[in-house]
Structure formats: structure tokens, C-alpha cells
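Chain and residue survey
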Amino acid sequence: GNLIGLDAGGLPDGNELVGVYINGSSNNTIGGPGNNDRNVISSNLQQGVQIAGGNGNQVKHNYIGTLTDGSAASPNTLAGVYINDLSPASGNIIADNLISGNLGDGVTITGDNADANSVLGNRIGTNLARNAPLANGGAGVSIRVGADDNLIGTSGNGNTISGNDGDGVDIQDPGTNGNLVRGNI
């Protein structure tokens, strides 16, 4: 994996903008199941990961907003993961990540065309061991401005959403409908 926003020794050395920016592209994979596939995406001056439109992208098995061992914060200045609809953004999967220590929300999904995205099996607002808070500065997950039909956990693959400075899950604004939150702790 890569260190994005950290130097080769794992110390903060953030990028001036977003750690990983997907703009209108589809079917990209950020991270993977093996230790050598995992990215640590921290200390960036905007979001850790931003999907600004695009479908079927996967962000999996990364540490976003922490140091390389997942025990302490190395925050991205805004959200850990931010999905917005500069072009339609649907079918994106955010799964099995540690998303903690960011100064904004852990995960933000926003906009009329940010629909049918999934947030599954993540640790949001805890340390890697899930035994202590490692708060995001905002909500664990925020869905707003007309984002519809997004899935936050399932009965078999829920998220641990705990210890954040804002709401655990925040769904707001007119037109933000049909989102499903279940199986989370």
C-alpha cells in the first residue's frame, strides 16, 4: 500500500488538497485486503478520499485519518471520505476501512445524484482495536442535500460508529430520502 499524506517514516506530510481524488471516473479500487494493499491516507489539507462523481468505485481496507498502526490520529482537515455529485455518484462502496481522527465527518455523502452508495464494515470514530475512541470532528456518517437510497451497514456487515464528536449517523435536508441504516454498533 501507499502512505498518502505521510512521509516514508509514517510522519505527517500532508498534501495541499485531497489525498485521493476521483473526479467522474468509475470502477477504481483504492486499497485491498492484504497488508501490502492497504493505504494510509492521512494529514491531507482537505478530504482523505473524495469521489466527485463516478460509479462503482471501491475504497477498501484503508486507514484514513490515522497513523500507520491505527492507534492515533493524523487527521485529514475535512472528511475522511467525501462522496459528492459533481457528476452522478452511485454504486460506490466504502468497506472495511478504519476512518477515524479526521477533523470533519468520517464519511459524507452529499448531493441529489449521490445515490445508492454503500458504507459497510468500517470502524468510524474508534481506534483499530475498537476499544477506545479516536473521534472524527463531525458526524460518523453524514447524508445530506438530497442523497437518496444509500446503505449504511447491513445485518451481516454493519459498521462500528462510535466516539465521534458529532452524531453517529446524521441524515438531513429535504429530499434526502430512502437511506437505510442497519446492523451498526
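Our subject is the structure that appears above.
Below, the structure is looked at part by part.

1. Observations concerning the sheet that holds strand β12 (residues 107-110)
Within a beta sheet, neighbouring strands are joined by backbone hydrogen bonds and run either parallel or antiparallel to one another. Strand order across the open sheet formed by six strands is β2-β5-β8-β12-β16-β19, with parallel pairing between neighbours. Every interior strand has two partners, whereas the edge strands, β2 (20-22) and β19 (169-171), have only one. Averaged over all pairs of adjacent strands, the angle between strand axes in this sheet comes to 5 degrees, irrespective of strand direction. Of the pairings in the sheet, the one linking β2 to strand β5 (residues 49-52) comprises three bridges and is parallel in character. Directly across from Tyr-21, in β5, lies its bridge partner Gln-50.

2. Let's talk about unusual backbone geometry
Negative phi is the rule for most residues except glycine; trans is the rule for most peptide bonds. Backbone geometry places His-61, a non-glycine residue, at a positive phi of 65 degrees. With respect to the helices and strands, the residue His-61 is situated in the loop between β6 (58-60) and β7 (63-64). One non-glycine residue, Val-145, lies in the positive phi region at around 55 degrees. Here Val-145 is to be found in the loop between β16 (141-144) and β17 (151-152). Under the relative-accessibility criterion, Val-145 is labelled partly exposed at 44%.

Each value, and the rule that gives it
Residues numbered from 1 in each chain as written. Predicted model: local features only at pLDDT ≥ 70, side-chain atom pairs only at ≥ 80, totals over all residues. Heavy atoms only, no water. Pairing = 2+ DSSP bridges. Helix = DSSP H or I, 4+ residues; strand = E, 2+ residues; numbered from the N terminus. Axes fitted to C-alpha atoms, helices over the stretch in contact; angles between N-to-C directions. Buried < 20%, exposed > 50% of the residue type's maximum accessible area, 1.4 Å probe, protein only.

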